[in-house]
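Topology and contacts: notes
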Amino acid sequence: MSDVTFGDWDPADAWGIEPPDEEQATYKLHELRLALDQLVGDRGLPTWDQLDTGAQEMARGIGGVIVRYIIEREPEDATELARTLHDARRYVATSPLPAWDELEPDDRQIGVDLMQIILDWLRRQGALDAV
Amino acid sequence: MGSIYLPLADIASDAGLVVKVTSTNAGWERRARSSGGFSAVPLGHMWHHAASSTSMSDEACVNYQVRGNPDNPVGNLTLGRNGDAWPIAGGASNCSGKGGPTKFSRGTCPTDGGNTTLVNTEVNNNGVGEPWSTKLIDAYFAWSNAINTYLGNLAADIVGHAHYTSRKVDPATADAVQGPWKPRSCNSSGTWNLDDMRAECLRRATTTDTPEVPDMTDDQARQLAELWQYCTQRIGAPGQFTDPGGANLNLPWAAAWNWSYISGPIDSKLNDIITRLERLEHAS
């Protein structure tokens, strides 16, 4: 009984036995980016449905990078995942992105924090144990 | 990494439930836990209650399941207090978690596999004595039988969360169930008895409340045959229709061609039918 509004919830209810899915990783990352956008004062990041087909396809590619990385390396370190993801974004970005090491420390930390949230999300649901 | 996403709204609607989709649960079609859709057709249906406050609206309950909980989506579908159906996630959800294994007619839900091998339904009920109205109970059974039918399961392919894991007590309480069905409780928390739940699913699956529709009269059958002959000539449809059972033109045959047009006076409908056929003919 962890929540008075939904007492049936127990963190163990999230446990499962299947590896992560690229599409859902993509949605989760975009959900986190939207939350971040709101935190910094709403810079107008579109919702998923507002993205055009090309942008959605690119985002799915990023989700695919996350899942492949997790499956291949079974990571514990969010920094390495964030660096890998940034490199992937540089590869597919329509505008030039600076290299990971050239980013401002705060920007790097935001990337690391996002990836830590993704890893924690997957860990809670047993996805990292299933790969 | 499953790819099966269930058409929950259609299944619920076909079962006679009122389906609610607002901005709160929009996008349910592709919503899922981190592993995505179901990897295989779910083996059964798990019953829950939300243990929500009695002052909590259905939509607030759904909002928690869709975005309030960091491990959303919690459950695949939620029944509101009046039995309305709120689709939550077409793919696998986070609702049952650690527990099992549990046997079903088509296989065994493995240990900790409830989220990815079962459809999970929540109900906005506090689970400690809030009444389960007859309407809500009817909706729960209608939904359970409909989803299991859709999945190719037996009506008895169900389990309660409490029967799956000792961590839980839902669905409860038995004493709070209103209407003719009176489940026994199986513990001091009032959890519904699983045998009673399965028996009621089976009973309702084999009982039809649909009134018998009278078959056509011989005169109506003759008129329908003439109409069919005429229409096939007008639009060039191939062949002469024969009754699938080899009997006289009867109700199943009529139903297949829209009962509402042939259960009443056919003559008065004839011009309308021909007009529609001509429109189809021109469109093609």
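Below you will find a few notes about this structure. As the structure is a computational prediction, the values presented were derived from the model and not from experiment. (Residues numbered from 1 in each chain as written. Chains lettered and ligands numbered in written order. Predicted model: local features only at pLDDT ≥ 70, side-chain atom pairs only at ≥ 80, totals over all residues.)

Things to note about the overall build of chain B
- Regarding its fold elements, chain B presents ten helices and seven strands.
- Counting over 284 residues, chain B shows a buried share of 44%.
- Long-range contacts, defined here as pairs at least 24 residues apart, represent 70% of the contacts in chain B between residues at least 6 apart. (Helix = DSSP H or I, 4+ residues; strand = E, 2+ residues; numbered from the N terminus. Buried ≥ 20, exposed ≤ 12 C-beta atoms within 10 Å, placed from the backbone. Contact = placed C-beta atoms within 7 Å.)

Digging into the pairing of strand E1 (residues 44–47) of chain B
Residues and elements named next belong to chain B.
- Burial along E1 is two-sided: the face carrying Gly-44 and Met-46 and the face carrying His-45 and Trp-47 are both buried.
- As defined by bridge partners, E1 adjoins strand E6 (residues 118–123) across four bridges and the pair is classed as parallel. Of the residues in E6, the one forming a bridge with Trp-47 is Thr-121.
- Alignment of E1 against strand E7 (residues 158–160), held across three bridges, turns out to be parallel. Residue pairing in the sheet places Trp-47 in a bridge with Gly-160 of E7. (Pairing = 2+ DSSP bridges.)

Observations concerning the interface of chain A and chain B
- On the chain B side, the residues contacting the 25 residues of chain A number 31 residues.
- Elements represented by at least two residues in the side of chain A that touches chain B include exactly helix H1 (22–39) and helix H4 (105–124) of chain A.
- Of the residues forming the side of chain A that touches chain B, the biggest block, three residues, is contributed by H4 of chain A.
- In terms of residue class, the side of chain A that touches chain B is made up of 13 nonpolar, five polar and seven charged. (Nonpolar A, V, L, I, M, F, W, Y, C, P; charged D, E, K, R; others polar.)

So, the nonpolar core
- In terms of nonpolar packing, the biggest core is built from 57 residues, with Leu-8, Ala-12, Leu-79, Ala-85, Ile-88, Tyr-140 and Trp-143 of chain B touching the most fellow members.
- No other element matches the nine residues that helix H4 (residues 134–151) of chain B contributes to this core.
- Among all residues touching Ile-88 of chain B, those that are not within four sequence positions of it are Asn-25, Trp-28, Arg-31, Val-62, Gln-65, Val-66, Pro-73, Gly-75, Asn-76, Leu-77, Thr-78 and Ser-93 of chain B.
- Counting 15 residues, the second largest nonpolar core, distinct from the first, contains Ile-70, Ala-82, Ile-118 and Leu-128 of chain A. (Core = buried A, V, L, I, M, F, W, Y, C linked by C-beta atoms within 7 Å.)

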